[in-house]
Amino acid sequence: MSDGTQSPTELVHAAKAAGLDVLAITDHDTSAGWDEAATAAAEVGLDLVRGMEISTRHRGRDVHLLAFLPDPTYGPLVDALQKVLDGRNSRVPAILGKLHDLGIDITLDDVRRVSGDAAAVGRPHLADALVAAGVVRDREQAFNEFLRPGRPAYVDRYAAPLEPMIRTVTEAGGVSVVAHAWGRSNDPGPLDEAGFADLAAVGLAGIEVDHEDHGPDTRRQLRAIASDLDLVVTGSSDHHGAGKVGHDLGCNTTAPREYERLLARAAAAAAASGRTTPEVVTA
Ligand code: AMP
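Residues numbered from 1 in each chain as written. Predicted model: local features only at pLDDT ≥ 70, side-chain atom pairs only at ≥ 80, totals over all residues. Heavy atoms only, no water.

The name given to the chain in an unreviewed UniProt entry is PHP domain-containing protein, with Nocardioides jejuensis as the source organism.

Here it is as structure tokens:
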């Protein structure tokens, strides 16, 4: 329901076919795909963790925060996500304006045609509209020529402050994990060990260590930080269907012991919050 190219049902079926026993669905900034995914998971016999990948900012750096098993009706979480979604929506016409200035005319309807019923519209949809218009070959070229920072149609958007968001996820009875922590840069920036200690102090539960954007050395360093700070180590494919190459389902996985630790943290947060949180769908 964001920028992956499969429906929640197709994703669940693909995960089953790939031989996974547990799948987390983590659309950008929305829980809109949860119900459909849960129905499909129960049908095919796959464990499903409902989560989302929240766009946050921290000390000048964009950080994607995975939030697993929060109550999606918790007011402060709903409000914070709405602000992020509003920022996404208002950015689309701004990008279209920049493309227009470059002599490329794409309309909001063109974007809607490729985004379908996505709840969270992002640059990958603009990339798909550029592909459909024959301007570029694929998403990669669209980002490299137009959409990434420094390119002529780039527009920034609002992201939620990270530390308050970690607290909000915990209050909603969920657990949070920093996604692809050093994925876009070899410079840890604010996500060095001291920075992670600050985040752990406000309730961060884990670090996504095993991710395709992390080389062996990065993984070793992040694993050491997680160990020092008693944070859970996760691994995930960050699969986007056909929307992102090199992220096949199951290309990275989370060790059963770490998964159990994550679930234990989630159970503790749920109990402390007093909220009704989604159960793991079990096969
Ligand atoms: P946005 O949500 O609009 O900020 O765009 C971020 C999304 O774009 C994330 O899902 C990224 O994985 C995706 N993305 C970033 N660079 C590329 C690229 N070169 N090709 C395809 N997807 C990309």
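Chemist: Help me get a handle on the UniProt feature "domain: Polymerase/histidinol phosphatase N-terminal" (unreviewed entry) in the chain, residues and values and all.
Modeler: In this numbering, the UniProt entry assigns the feature "domain: Polymerase/histidinol phosphatase N-terminal" (unreviewed entry) to residues 1–58. Regarding residues 1–58, the helix share stands at 36% and the strand share at 33%, and the terminal C-alpha atoms are separated by 25 Å. (UniProt positions renumbered as here; feature names shortened; annotations may be inferred. Helix = DSSP H or I, 4+ residues; strand = E, 2+ residues; numbered from the N terminus.)

Chemist: Summarise the packing of helix 4 (residues 108–115) against helix 5 (residues 123–132); cite the residues concerned and give the values.
Modeler: For the pair helix 4 and helix 5, interaxial distance at closest approach is 8 Å and the crossing angle is 105 degrees. As judged from the angle between their axes, helix 4 and helix 5 are roughly perpendicular. Here D110, V111, V114 and S115 of helix 4 lie close against helix 5, whose contacting residues are H125, L126, D128 and A129. Among the residues forming the contact of helix 4 with helix 5, the class breakdown is 4 nonpolar, 2 polar and 2 charged. (Axes fitted to C-alpha atoms, helices over the stretch in contact; angles between N-to-C directions. Parallel < 35°, antiparallel > 145°, perpendicular 65-115°, else oblique. Contact = heavy atoms within 4.5 Å. Nonpolar A, V, L, I, M, F, W, Y, C, P; charged D, E, K, R; others polar.)

Chemist: So what's going on with the packing of helix 3 (residues 75–101) against helix 5? Residues and values would help.
Modeler: Geometry of a packed helix pair, given as the angle between the helix axes and the separation of the axes. At a minimum axis separation of 11 Å, helix 3 and helix 5 run at an interaxial angle of 40 degrees. Taken together, the axes of helix 3 and helix 5 are oblique relative to one another. In this structure, helix 3 crosses over helix 5, and the sense of that crossing is right-handed. Only R123, L126 and L130 of helix 5 make contact with helix 3, whose side of the interface consists of R91, V92, I95, L96 and L99. Among the residues forming the contact of helix 3 with helix 5, the class breakdown is 6 nonpolar, no polar and 2 charged. (Left-handed = near helix turned anticlockwise from the far one by under 90°.)

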